[in-house]
Amino acid sequence: MRNVAIAGVGYTNVFVSKRKDMNAPEMIAEAVDNAFRNTNLRPEDIDAIVIGNMQTFEGVNLPHLWASEHFCGVGKPVMRVATGGTTGMSVVHAAYYHIACGLYDTVLAIGWEKQSEGDSQVGLTGIVLPEALALVPLGLDMTGKQGMVFSGGGSTGAASFQAMSYLAKSGGTIEHIDKMAALERGNAALNPYAHLKVPNCKPEDIAATPIVSYPLRFGHTCPTSDGATCMVMCSAEKAPKIADKVAWINGLANCASEPTTGNLLEGLLTDPAEQMPAKIASKKAYEMAGITDPKKEIDMAEFYDGFAHQSMMWSERLGLFDEGKAPEMLDKGVMNLDGEMPVNPSGGVLCTNAIGASAMNRVSECALQIMGLAEGGHQVPKKVRNALAHGWGGLFQYVTVTVLGDTPRKM
Amino acid sequence: MEETRLVQATWDLSQCKFKISGDGMKVLLEGLREGVFRGIKCPQCGTVYVPGPTFCRKCFIDIDEVVQVSDEGEVETYTVELADVRGNPVEEPTISCMIKLDGADTWLIGVVEGIDWQKVHVGMRVKCVWKDASERTGSLSDYTRFVPIGD
Ligand SMILES: [Zn+2]
């Protein structure tokens, strides 16, 4: 196995609700162009491309083929990866395996979503619809209260079960979720590539937004964004030719449990706030990266937090704080941009959510923090040696983890 | 050009033939007709599934031991729908709960009524409200809701 470096990142110029001036392939091309601009990469250096976006959201079945000319993919190996919310990080992992195994030296990893061109809610409905339709003949009234409850009211409805369970376990309050959201909206204001930016956001600003599905408010939820990210990944040998500064992928893992939402068919076994896969995957990734005490050795983290309570939950499940301690750490300012364990300096998924890029941006943001290249004031003030990136999705039960470092791991 | 255009269409769901072969679901439905919850227990790890799969998801072995569980249980987590899909406040908020029935290891989704939503809490004890025996047909609609009982 060989070490793999991240040699550069290209984002679309903006992440916004509706990117009206271009179509999806053109939007992907903008991120790829920016990756070229930010590195010494030449088109002939690219050995293979891994690309991903959320299944069904744009209503286009084979978008990677539609866009192949726009990401320099003609005549080259192309692989599409689609693992729901985690897609962007699964793309990074697939690109890592391409290089680590020795078959390819330089790979473009691309994550994108143009949510304004499709109907995300229809896409999400497709996740539970087969089970719901199978239950209708057995007496489930989809139009009545039981049906509404079963379908969980979409993603937020299902996440609210998780949020309430997390609050009950940790002793946190809805005010802590307000505070977490305010922290991230404020961080986003310092990130030129964030979508929802609220300079100096206060918990009271969040608390003034209406409840969507108790205990989650509108201000606790992520937007739907258009945007793309392109990462240049390469072997240690190629790295110096492509970029002056690189970050290293030193540990990676993924893990699934059974579905923790829906599953009326065969009995729901798992608390959606338990997130055992996060514990298992992070343990494996830390071991691979040679990290024995993540509380001390990890300098900052980027989590997949579609909903604000999750940044607290993940920081515990991924071993950065003891179980139940995150609300206290938040109150103490530990999770602030200038705190001891900055969480989502970019504003996180909570503020920018082009789904296929969302989990990738966790990795790219950690890489930029390590390189010292985070723009617009969201670079954390301390030196970042090791960073933790996390992706989440599936039926609330699939987790990807990447540990990055400023030096390559010892083989 | 208009930013959003609407195209009217229908989706013929009769073409979607998703099926349940589940013997475990059959066990549940037959029990519901009698006004009881029944699931399937794994002889190896003791996990009780309601409704049961026909294999244990932990041990990965076939299971078929039918067990009856209580129609009382505990709220494990919940949410309250205070607004409709358009964001308009609803007159009667729906309290959706994940309920672990006594004797079961799995969670069942159920509506809880008969309590102010602000008084609902994790750990709250609830009991199933059944349809009259004459109206029960062995269907998921045989139990309509749950109501709180003393802690
Ligand atoms: Zn078992």
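Check the entry above for the structure.
Fair warning: this is a prediction, and the values are worked out from it, not measured in the lab.

## Observations regarding empty space enclosed by the protein
Where empty space is left can be seen by rolling a probe of water-molecule size over the atoms.
Residue and element names in this part refer to chain A.
Next up, step 1: For the coordinates displayed, the defined rule picks out three cavities of 30 Å³ or more.
Next up, step 2: If you add up the space inside the second largest cavity, you get close to 80 Å³.
Next up, step 3: A per-element tally of the lining of the second largest cavity places helix α15 (residues 355–371) first, with three residues.
Next up, step 4: The residue inventory of the lining of the second largest cavity, partitioned by class, reads two nonpolar, five polar and two charged.

## Side note on the sheet that holds strand β10 (residues 386–393) of chain A
All names here are of chain A.
Next up, step 1: Pairing in this open sheet of nine strands is mixed, and the strands run β3-β2-β4-β7-β1-β8-β11-β10-β9 from one edge to the other. Unpaired on one side and paired on the other, β3 (78–80) and β9 (300–302) mark the two borders of the sheet. Strand-to-strand, the axes of this sheet are offset by a mean angle of 25°, without reference to chain direction.
Next up, step 2: Taken together, the seven bridges between strand β1 (residues 4–11) and strand β7 (residues 226–235) define a ladder with antiparallel strand orientation. The residue of β7 that forms the bridge with Val 4 is Ser 235.

## Section: the sheet that holds strand β1 (residues 37–41) of chain B
Pairing between the strands of a sheet comes from backbone hydrogen bonds, and it takes one of two forms, parallel or antiparallel.
Residues and elements named next belong to chain B.
Next up, step 1: One open sheet accounts for three strands, arranged β2-β1-β3; its pairing is antiparallel. Taken across any chain shown, the strands that pair with only one partner, and hence form the sheet edges, are β2 (48–49) and β3 (65–69).
Next up, step 2: In this sheet, β3 lies alongside β1 in antiparallel orientation, the contact comprising five bridges. Across the sheet, Arg 38 pairs through a bridge with Gln 68, a residue of β3.
Next up, step 3: Sitting on the sheet, helix α1 (residues 23–34) touches β1 and β3, and the angle it makes with β1 is about 150°.

## Things to note about the nonpolar core
Next up, step 1: With 95 residues, the main nonpolar core has Ile 6, Met 231, Met 233, Leu 388, Val 403 and Leu 404 of chain A as its most contacted residues.
Next up, step 2: Considering each element in turn, this core owes the most residues, ten residues, to α15 of chain A.
Next up, step 3: Filtering out sequence-adjacent residues up to four positions away, Met 231 of chain A remains in contact with Ile 6, Gly 8, Val 9, Val 92, Val 107, Leu 108, Ala 109, Met 360, Val 363 and Ser 364 of chain A.
Next up, step 4: Ranked by size, the runner-up nonpolar core spans 35 residues in total, among them Ile 174 of chain A together with Leu 32, Val 50 and Trp 130 of chain B.

## Brief notes about the pairing of strand β4 (residues 72–83) of chain B
For a regular strand, the rule is simple: side chains alternate between the two faces of the sheet.
All names here are of chain B.
Next up, step 1: Counting buried positions along β4 yields ten of twelve residues, so the element is predominantly enclosed.
Next up, step 2: The pairing of β4 with strand β7 (residues 125–130) spans three bridges and is antiparallel. In the sheet register, Glu 74 faces β7, and the bridge partner there is Arg 125.
Next up, step 3: With nine bridges connecting them, β4 and strand β5 (residues 89–101) associate as antiparallel partners. Paired with Glu 81 across the bridge in β5 is Thr 94.

## Structural notes on the interface of chain A and chain B
Next up, step 1: Each side of the interface is counted separately: chain A has 33 residues, and chain B has 42 residues.
Next up, step 2: Carbon and sulfur atoms make up 68% of the surface buried where chain A meets chain B, a total of about 3400 Å² over both sides.
Next up, step 3: The interface formed by chain A and chain B includes zero salt bridges.
Next up, step 4: Here the element with the most residues in the side of chain A that touches chain B is helix α6 (residues 154–170) of chain A; it accounts for six residues.
Next up, step 5: Its residues assigned to classes, the side of chain A that touches chain B shows 19 nonpolar, eight polar and six charged.

Criteria and cut-off values
Residues numbered from 1 in each chain as written. Chains lettered and ligands numbered in written order. Predicted model: local features only at pLDDT ≥ 70, side-chain atom pairs only at ≥ 80, totals over all residues. Heavy atoms only, no water. 1 Å grid on protein atoms, 1.4 Å probe; cavity = no way out; pocket = protein on both sides within 12 Å on 5 of 7 lines; lining within 4 Å. Points joined across faces, edges and corners; volume = space filled by probe spheres on them. Helix = DSSP H or I, 4+ residues; strand = E, 2+ residues; numbered from the N terminus. Nonpolar A, V, L, I, M, F, W, Y, C, P; charged D, E, K, R; others polar. Pairing = 2+ DSSP bridges. Axes fitted to C-alpha atoms, helices over the stretch in contact; angles between N-to-C directions. Contact = heavy atoms within 4.5 Å. Core = buried A, V, L, I, M, F, W, Y, C linked by side-chain atoms within 4.5 Å. Buried < 20%, exposed > 50% of the residue type's maximum accessible area, 1.4 Å probe, protein only. Buried area = accessible area lost by both parts, 1.4 Å probe. Salt bridge = Lys/Arg side-chain N within 4 Å of Asp/Glu carboxyl O.

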